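So the chains spell out like this:
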Amino acid sequence: MDHRPKNKKGSKSLVHSPWSVVHGPLSTVLSAIKTGRRFLVVSHYHPDGDALGSTLALGLSLKKLEKKVVMYNRDRVPYNLKYLPASSSITQTLPNISFDYTFIVDCAQPKRVSDDFAKALEAKRLGKLLCLDHHLLDYKVGDVDWIDPKAASTGCVIWKLLKTLKLHKNKDIANLVYCTLTVDTGSFRYSNTTADVFKMAGELLRYGADPWLAARNLEESNPSERYVLLGLALRSLFVGMNGEYASMDVTQSMLKESGAGDDLSEDFANYPRSIKGVEVSALFREMEDLRIKVSLRSKLRVDVSKVAKSFGGGGHVHAAGCILRCDLTSAKKQIETEVRKKLKNKKF
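Values in this document were obtained by computation on a predicted structure and should not be read as measured data.

A. Local environment of the pattern of salt bridges. Counted according to the given criterion, the structure contains 11 salt bridges. In this structure, Arg 301 and Glu 244 form a salt bridge, with 2.9 Å as the shortest nitrogen-oxygen distance. Of the two residues, Arg 301 is situated in the loop between β9 (292-298) and α11 (304-309) and Glu 244 in the loop between β6 (238-240) and β7 (245-250); the sequence distance between them amounts to 57 residues. Arg 301 sits in the partly exposed class, given a relative accessible area of 32%. A relative accessible area of 16% places Glu 244 in the buried class.

Written out as structure tokens, the structure is:
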């Protein structure tokens, strides 16, 4: 279901909409939860801590209301997120049944959930679509969009909803939402770490969230293959544009040599950004289907979400991504061209 308006030639365009910058109708979301019986909760493939933490927090809370709930993700739970409560309950098979409502969390594109999901949505098997997110959107996603771009994570949006429903005083829910907060603030290091974020973290701890549990699993449970892969990727390090741009590659040959899966390179995008003087960094990952996944990062002056959007992607001001259908050399040239323009202007 795609509500993006079409231009005269029939192509979909991005337009500013009032629901893209403020909370949508919370009362409608609450009404859906009250009246619905069967719910599907989904998020984007290659899930991170915000996607899975939000999915599980909402799904488990709906179950506490005695709703029938299916939590779906196309891909398996990453190794470092298997500690999350009820992570094994997420299915990788979209059930062939009907639902009253579907929640899509931390994701604004049905195809980023899966092709099967997008088809089921078009076939109207999934009921009304409700989008809960913290990414700034320029188009309508579902029948109801409840978006808070000021929230540090989608889990924060879920937490506010659960507090309204009085379902937040629960250790498992607190640990799930704490994971979303930890991941999307870079362990409370990124620019979205505000006084409200620390206040919320303290609140989550009072309800049972365990910071060491999160840190131990997210940061200190890496397999050795990850570091072998990192060593290979660091050899590809490139610094250019007067030291303001840096990039690294993760190729299929590196994955094969290290014995690592692609998921082990998820955080590698931060390494080139950590170099002194670098404003924008990029991580280029070769996928098995001959596409290139690009993760973009910036420090202060450049909005990398605009770079990503020019290639059909998106994200945040300082962390964004996109996928290019070309070879690695071509992908790097295209990204470098756009980054050079942004660095020249040095404006958001």
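B. Highlighting the environment of Arg 325. Among the secondary structure elements, Arg 325 is positioned in the loop between β11 (319-324) and α12 (328-345). On the basis of relative accessible area, Arg 325 is assigned to the exposed category, the value being 70%. For the pair Arg 325 and Asn 175, spaced 150 residues apart in sequence, the C-alpha separation works out to 38 Å.

C. Representation of helix α4 (residues 154-164) in the model. Taking burial as the measure, the 11 residues of α4 include 8 buried ones, the bulk of the element. When α4 is considered as a whole, its buried residues turn out to be Thr 154, Gly 155, Cys 156, Val 157, Ile 158, Trp 159, Leu 161 and Leu 162. At the exit of α4 stands Lys 166, carrying a positive phi of roughly 60°.

D. Broad picture of the sheet that holds strand β3 (residues 101-105). Judged by pairing direction, the sheet is parallel, and its 5 strands sit side by side in the order β2-β1-β3-β4-β5 without closing on themselves. Two strands close off the open sheet at either side, each with one partner strand: β2 (68-72) and β5 (144-147). Ignoring which end each strand starts from, the neighbouring axes of this sheet average 15° apart. For β3 and strand β4 (residues 128-133), the ladder comprises 5 bridges, and the chain directions are parallel. If you follow Ile 104 over to β4, its bridge partner there is Cys 131. Strands in contact with α4 are β3, β4 and β5; relative to β4, the strand with the most contacts, it is inclined by about 115°.

E. Region of the structure containing the confidence of the model for the protein. In the predicted model, the protein carries a mean pLDDT of 90, and 92% of its residues have values of at least 70. The low-confidence segment residues 1-23 (pLDDT under 50) makes 45 contacts with residues lying over four places distant or belonging to another chain.

F. Quick look at the sheet that holds strand β10 (residues 314-315). With respect to topology, 6 strands assemble into an open sheet ordered β6-β7-β8-β9-β11-β10, the strand pairing being mixed. What marks the edges here is a single partner per strand, and that holds for β6 and β10. The sheet contacts of α12 involve β6, β7, β8 (280-286), β9 and β11, and relative to β8 the element is tilted by about 165°.

G. Spotlight on the pairing of β3. Burial analysis of β3 places 5 of its 5 residues in the buried class, which makes it a mostly covered element. Side-chain alternation along β3 places Tyr 101, Phe 103 and Val 105 on one buried face and Thr 102 and Ile 104 on a second face that is also buried. Two strands pair when backbone bridges link them, and strand β1 (residues 38-42) and β3 are joined in this way by 4 bridges, in the parallel orientation. Of the residues in β3, the one forming a bridge with Leu 40 is Thr 102. Note on the crossover from β3 through helix α3 (residues 115-122) to β4: the handedness is right-handed.

H. Main features of helix α6 (residues 195-206). Given a rise of 1.5 Å per residue, 12 residues ought to cover 16 Å, and the 17 Å separating the end C-alpha atoms of α6 matches this to within 8%. Among the residues of α6, Val 197, Met 200, Ala 201, Glu 203 and Leu 204 are the ones counted as buried. Each buried residue of α6 sits inside an arc of 160° when the element is viewed along its axis, so together they form one side. What points out from α6, more than 90 degrees from its buried face, is the exposed set Ala 195, Lys 199 and Arg 206. If you follow the buried residues of α6, they end up packed against α4 and α5 (171-184). One or two residues past the end of α6 sits Gly 208, with phi positive at roughly 115°.

I. Fine view of the side chain of Asp 50. Summarising the element assignment, Asp 50 is placed in helix α2 (residues 49-64). In this structure, Asp 50 is buried with no salt-bridge partner, the nearest side chain bearing the opposite charge being Arg 112 at 10 Å. Engagement of the side chain of Asp 50 in a polar contact is seen with the backbone nitrogen of Gly 155, the distance being 3.0 Å. In contact with Asp 50, other than residues within four places in its own chain, are Asp 106, His 134, Ser 153, Thr 154, Gly 155, Thr 180, Val 183 and Asp 184.

J. View of the packing of aromatic side chains. Taken as a whole and assessed by the stated rule, the structure comprises 7 aromatic pairs. A centroid spacing of 6.1 Å and a plane angle of 20° characterise the contact between Phe 39 and Phe 103, whose relative ring orientation is stacked. Of this pair, Phe 39 sits in strand β1 while Phe 103 sits in strand β3; the two residues are 64 residues apart in sequence, bridging distant segments of the chain. Judged by centre distance (6.0 Å) and plane angle (50°), the ring pair of Tyr 178 and Phe 188 falls under tilted. Here Phe 188 lies in the loop between α5 and α6 and Tyr 178 lies in helix α5, a separation of 10 residues in the sequence. Taken together, the aromatic side chains of Phe 39, Tyr 101 and Phe 103 make up a single cluster linked through ring pairs. Positioned over the ring face of Tyr 227 is Arg 226, at 5.7 Å from the centre of the ring.

Cut-offs and rules
- Note on numbering: residues in each chain are counted from 1, in written sequence order.
- Thresholds applied to this predicted model are a pLDDT of at least 70 for local features of residues and 80 or more for the giving and counting of side-chain atom pairs; totals over whole chains, interfaces and linings are not thresholded and use all residues.
- Only hydrogens and water are set aside when side-chain values are computed; all heavy atoms of the structure are taken into account.
- When a carboxyl oxygen of Asp or Glu is within 4 Å of a side-chain nitrogen of Lys or Arg, the pair counts as a salt bridge.
- Secondary structure follows DSSP: runs of H or I at least 4 residues long count as helices, runs of E at least 2 residues long count as strands, and numbering of each begins at the N terminus.
- Throughout, exposure labels follow a simple rule: accessible area from a 1.4 Å probe, protein chains only, divided by the maximum for the residue type, with under 20% read as buried, over 50% as exposed, and the rest as partly exposed.
- Note: two strands are recorded as paired if DSSP finds a minimum of 2 bridges between them.
- Only the stretch in contact is used when fitting a helix axis, every axis being a line fitted to C-alpha atoms; angles between N-to-C directions are given from 0 to 180 degrees.
- Any two residues whose heavy atoms approach within 4.5 Å are treated as being in contact.
- pLDDT expresses, on a scale from 0 to 100, how confident the predictor is about each individual residue.
- For the handedness criterion, the strands are oriented away from the viewer, and a crossover whose path from the first strand over the helix to the second runs clockwise is classed as right-handed.
- One less than the number of residues in a helix, times 1.5 Å, gives the span that helix is expected to have.
- The directions from the helix axis to the C-beta atoms are what the arc is built from.
- The charged-residue count follows a simple rule in which Lys and Arg add positive charge and Asp and Glu add negative charge, with His and chain termini not counted at all.
- What qualifies as a polar contact is a pair of N or O atoms within 3.5 Å, subject to a donor-acceptor requirement within protein and to the restriction that residues adjacent in sequence count only when both atoms come from side chains.
- Aromatic rings from Phe, Tyr and Trp, with only the six-membered ring used for Trp, were paired whenever their centres fell within 6.5 Å, and each pair was classed as stacked if the ring planes differed by under 30 degrees, edge-to-face if by over 60, and tilted otherwise.
- By definition, being over a ring means that NZ of Lys or CZ of Arg is both within 6 Å of the ring centre and within 35 degrees of the ring normal.

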